[in-house]
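Single-letter residue listing:
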Amino acid sequence: FSSSRIRNFSIIAHIDHGKSTLADRLLESTATVASRDMTNQLLDNMDLERERGITIKLQAARVLYRSREDNEMYVLNLIDTPGHVDFSYEVSRSLAACEGALLVVDASQGIEAQTLANVYLALENSLEIIPILNKIDLPAADPDRVTEEIKDTIGLDCSNIVRASAKSGIGIDDILESIVKYVPPPKPDTGGPFRALIFDSLYDPYRGVIVFMRVMDGAVKRGDPIRFLNSRAEHDVVEVGIMNPNQVPVDCLRAGEVGYLCASIRDVLDARVGDTIVLSSEYKAAAKLLDPDSKEEPITPLPGYQVAVPMVFCGIFPVDADQYENLRDALGKMRLNDAAITYEPETSGAMGFGFRCGFLGLLHMDVVRERLEREYDLDLIVTAPTVVYKVEKGEGEKKTVEIVDTPSKMPEIMRDMKVFEPYVKVEILTPSEYNGQVIELGQERRGILIDIKYLTPTRSTIVYEIPLAEVITDFFDQLKSRTKGYASMEYQLIEYRPGNLVRLDVKINYEDAPPLATIVHVDAAQTVGRRLVESLKELIPRQMFKVPIQACIGVKVIASAVISPMMKDVLAKCYGGDISRKKKLLKKQAKGKKRMKLMGKVNVPQEAFMAVIKLD
Ligand code: GDP
Ligand code: MG
């Protein structure tokens, strides 16, 4: 196929607006996948994704389509993007691999925060955006209003907007026609050296890392030695191919095409998303032409490479110390597929052996934890997520900067010490009647109000700068509950700023409980301390003895509560009762014990470790 017959596109949408359903429908209607092989949401291939309705890893599919207009065959490459902010870097790279994007908006909902965030990413990558109104089959659909909204807020030309229902198959042909007509074909081959952009990778235990890429210039085939410009890794290509959506080997991939390659790569760090692949031979030839002292890359890397930096950290410990090795293996295997996870051993007197793990965001953390438990059958205790702080000590020449990703390791406040914390820009979309509630929440969370805009007479966007630490608690839940579920939000890291922060320690039965320590703003310390001890009092089961719980700053106790001792044996209430009931009760207890850690003499359940992010 000549590049004039290729169309590379993505689908962007707010979560639940129908991206996966539409992708399925496009594959089905072009008979890429026989109907009987069709499982719902083919592109979301992990169970977890399907259950949570989120797309985590990018996948691509190639579709052949005969245009009604000119009766010619076209190759349409669909690149699916992850549907969550935590993965916005991956979204931006897959958009960089395309010339156009279908913007799917639920006609019963309208524009949401992710719609906007994705549109910004698409515009940054100069994509042609084709608006699609989905779910027009719903009685609540209001296509006219939503069309106006798209016109007014994004400024898109909506004269060719497609009204569709991915569910009932309305408008699918029109969408395919629009792709051919409006998505520009890839730029013709420049004749320059081979360059390809990695937009995803996957680890296969037999073939090593499978790299998904868009060829920008030149061509690559089996046997070629290749080089990854940023990681500097070199490998020999074992196979190149296309996704239909299963991997099908081909002889060669050329400029404009989307495909995969395998090269016996054992580590995903060699081939990270955003890196540029070149041919070793062309690289060496170009290097010879450069001045030997030149720092310049012989072949210019494709723009936009960035290493994803973990923003949220937590401790992960096996409930049962025997599972430590299994946990290590499992984390190793997960990391093979996901270069954005970091982990290193962490040992604590209270928790035993475990790992300090870093993630892109809360959802990423949740997904990894759940996969560890499900796919590797591990029982885990996970400590509350925390951001990464920077602690500056000393002045001028003697200045040192320490990175703190574990609250209990935050040094005691000294006079010449400054603590910095990450701030994010949060963009919230809400029906305007809830503006007051949203602003109240923003103020409670140390937010700085940056902007309020009316998108339409009834919908607003509110922009805040807020410490990330305040966002990774229950911010999103609070936002949803205060706006009756109508608000949506997006955030992105902006910078580190100094904060008046202190370490809040927890003592259970007079013993330090470092995994429960947290870092709070001085002004909130008292309140957080009080709520935390109250919440722990509820969450930690009664013992045979009295258990005092204290929140302290340094040696000063700022709040305390007491768990009164259990009066009676649990089985006492079964006296005279039948044995099966007794057994049931014991079983229930045993199950409850599963996710507990003995701290001193007290069993602390999983929920208690998360208490600090759910204070009300
Ligand atoms: P994604 O999060 O954007 O990938 O959204 P999904 O494709 O997973 O769809 C979210 C929900 O909306 C699912 O329950 C779909 O069945 C439903 N859905 C998707 N498209 C349509 C449509 O055109 N009409 C109706 N009524 N429901 C739809
Ligand atoms: Mg989806």
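One structure accompanies this document, and this report is about it. Treat the numbers as computed from the prediction; the structure is a model and nothing was measured. (Residues numbered from 1 in each chain as written. Chains lettered and ligands numbered in written order. Predicted model: local features only at pLDDT ≥ 70, side-chain atom pairs only at ≥ 80, totals over all residues. Heavy atoms only, no water.)

**Section: the nonpolar core**
So, step 1. Core analysis: the biggest nonpolar cluster contains 79 residues, and Ile316, Leu372, Tyr389, Val426, Ile508, Leu536 and Ile540 have the highest contact counts within it.
So, step 2. With 39 residues, the next largest nonpolar core counts Ile79, Ala96, Leu121 and Val258 among its residues. (Core = buried A, V, L, I, M, F, W, Y, C linked by side-chain atoms within 4.5 Å. Buried < 20%, exposed > 50% of the residue type's maximum accessible area, 1.4 Å probe, protein only.)

**Comments concerning the sheet that holds strand β17 (residues 312-318)**
So, step 1. In spatial order, the strands read β18-β19-β17-β20; together these four strands make up an open sheet with antiparallel pairing. Looking at which strands have only one partner, the edges of the open sheet turn out to be β18 (342-348) and β20 (380-382). The average undirected angle you get between the axes of adjacent strands in this sheet is 30°.
So, step 2. Helix-sheet contacts for helix α8 (residues 324-337) involve β17, β18, β19 (352-359) and β20, and the interaxial angle to β19 is about 15°.
So, step 3. Of the strands in this sheet, β17, β19 and β20 touch helix α9 (residues 362-375), which is tilted by about 165° from β20. (Pairing = 2+ DSSP bridges. Helix = DSSP H or I, 4+ residues; strand = E, 2+ residues; numbered from the N terminus. Axes fitted to C-alpha atoms, helices over the stretch in contact; angles between N-to-C directions. Contact = heavy atoms within 4.5 Å.)

**Brief notes about the site of ligand 1**
So, step 1. Among the 17 residues in the neighbourhood of ligand 1, the closest are listed as Asp16, Lys19, Ser20, Thr21 and Asp137.
So, step 2. Lys135 places a side-chain nitrogen or oxygen 3.0 Å from an oxygen atom of ligand 1.
So, step 3. Here ligand 1, which alone exposes 580 Å², has 81% of that area covered by the protein.
So, step 4. Among the residues making up the shell around ligand 1, the classes are represented as three nonpolar, nine polar and five charged. (Near = heavy atom within 4 Å. Polar contact = N/O pair within 3.5 Å; in protein donor to acceptor, adjacent residues only side chain to side chain. Areas by Shrake-Rupley, 256 points an atom, 1.4 Å probe, with all protein chains shown as cover. Nonpolar A, V, L, I, M, F, W, Y, C, P; charged D, E, K, R; others polar.)

**Points about the packing of helix α3 (residues 88-96) against helix α4 (residues 113-124)**
Describing two packed helices takes the angle between their axes plus the distance from one axis to the other.
So, step 1. The interhelical angle for the contact between α3 and α4, taken along N-to-C directions, is 40°, at an axis separation of 9 Å. For the element pair α3 / α4, the angle class is oblique. Here α3 runs over α4; the crossing is right-handed. Together, Ser88, Val91, Ser92 and Leu95 of α3 and Asn118, Leu121 and Ala122 of α4 make up the contact between the two elements.
So, step 2. Partitioning the contact of α3 with α4 into residue classes produces four nonpolar, three polar and no charged. (Parallel < 35°, antiparallel > 145°, perpendicular 65-115°, else oblique. Left-handed = near helix turned anticlockwise from the far one by under 90°.)

**Comments concerning the pairing of strand β30 (residues 547-553)**
So, step 1. When you tally the buried positions in β30, you get six out of seven residues, the bulk of the element.
So, step 2. Sheet topology places β30 next to strand β31 (residues 556-563); seven bridges connect them, and they run antiparallel. Each bridged residue has a counterpart across the sheet, and for Gln550 the counterpart in β31 is Ser560.
So, step 3. Between β30 and β31, which pair antiparallel in sequence order, lie two residues; one of them, Gly554, sits at a positive phi of approximately 60°.

**A look at the pairing of strand β3 (residues 73-79)**
So, step 1. The buried fraction of β3 is high, at six of seven residues.
So, step 2. Pairing geometry for strand β1 (residues 6-13) and β3, over five bridges, is parallel. From the neighbouring strand, Ile6 faces β3, where its bridge partner is Val75.
So, step 3. Of the strand pairs in this sheet, strand β2 (residues 60-66) and β3 are connected by seven bridges, and their pairing is antiparallel. Counted as the bridge partner of Ala61 is Leu78 from β3.

**Notes on the sheet that holds strand β11 (residues 234-236)**
So, step 1. With respect to topology, eight strands assemble into an open sheet ordered β11-β10-β16-β7-β8-β15-β12-β13, the strand pairing being antiparallel. If you trace the sheet from one side to the other, it starts and ends with β11 and β13 (247-250), each paired once. Across the sheet, the mean angle from the axis of one strand to that of its neighbour is 40°, orientation sign disregarded.
So, step 2. Where strand β10 (residues 225-228) lies against β11, three bridges are found, and the strand directions are antiparallel. In the sheet register, Ile226 faces β11, and the bridge partner there is His235.

**Concerning the packing of aromatic side chains**
So, step 1. Under the criterion given, the structure shown has three aromatic pairs.
So, step 2. The interplanar angle of 0° and the centroid separation of 5.1 Å between the aromatic rings of Tyr324 and Phe355 together place this pair among those described as stacked. Taken together, the positions of Tyr324 in helix α8 and Phe355 in strand β19 put the pair 31 residues apart, joining distant regions of the chain.
So, step 3. On the basis of relative accessibility, which here comes to 14%, the residue Tyr324 falls in the buried class.
So, step 4. Ring centres of Tyr343 and Phe355 lie 5.7 Å apart, and the angle between their planes is 75°; on these two criteria the pair is classed as edge-to-face. Of this pair, Tyr343 sits in strand β18 while Phe355 sits in strand β19, and the two are 12 residues apart along the sequence.
So, step 5. Classification of Phe355 as buried rests on a relative accessible area of 1%.
So, step 6. Aromatic rings pair up to connect Tyr324, Tyr343, Phe353 and Phe355 into one cluster.
So, step 7. Taking NZ or CZ as reference, Arg5 lies 5.8 Å from the ring centre of Tyr74, over its face.
So, step 8. Across the ring face of Tyr423, the terminal group of Arg497 is positioned such that the distance to the ring centre comes to 4.6 Å. (Phe/Tyr/Trp six-rings, centres within 6.5 Å; stacked < 30°, edge-to-face > 60°. Lys NZ or Arg CZ within 6 Å of the ring centre and 35° of its normal.)

**Structural notes on the environment of Pro301**
So, step 1. Residue placement: Pro301 occurs in the loop between α7 (280-289) and β17.
So, step 2. The class of Pro301 is partly exposed, set by a relative accessible area of 29%.
So, step 3. Placed 167 residues apart in sequence, Pro301 and Leu468 show a C-alpha to C-alpha distance of 32 Å.

**As for the packing of helix α10 (residues 435-444) against helix α12 (residues 475-482)**
So, step 1. Interaxial distance between α10 and α12 falls to 9 Å at its minimum, and their mutual angle equals 155°. The orientation of α10 with respect to α12, classified from their angle, is roughly antiparallel. For the pair α10 and α12, the crossing hand works out as right-handed. Across the interface between the two elements, Gln437, Val438, Glu440, Leu441 and Glu444 from α10 touch Phe475, Gln478, Leu479 and Arg482 from α12.

**Some words on the pattern of salt bridges**
So, step 1. By the definition in use, this model includes 35 salt bridges.
So, step 2. We note a salt bridge from Arg195 to Asp217, for which the minimum N-O separation is 2.9 Å. With Arg195 in strand β7 (residues 195-204) and Asp217 in strand β8 (residues 208-217), this residue pair connects regions lying 22 residues apart in the sequence. Of the two residues, Arg195 and Asp217, neither departs from the other in class, the shared state being buried.
So, step 3. Among the salt bridges present, the one from Arg503 reaches Asp505, with a minimum N-O distance of 2.9 Å. Comparing Arg503 with Asp505, the two get one shared label, buried.
So, step 4. Salt bridges linked by common partners bring Asp142, Arg145, Glu149 and Arg459 together as one network. (Salt bridge = Lys/Arg side-chain N within 4 Å of Asp/Glu carboxyl O.)

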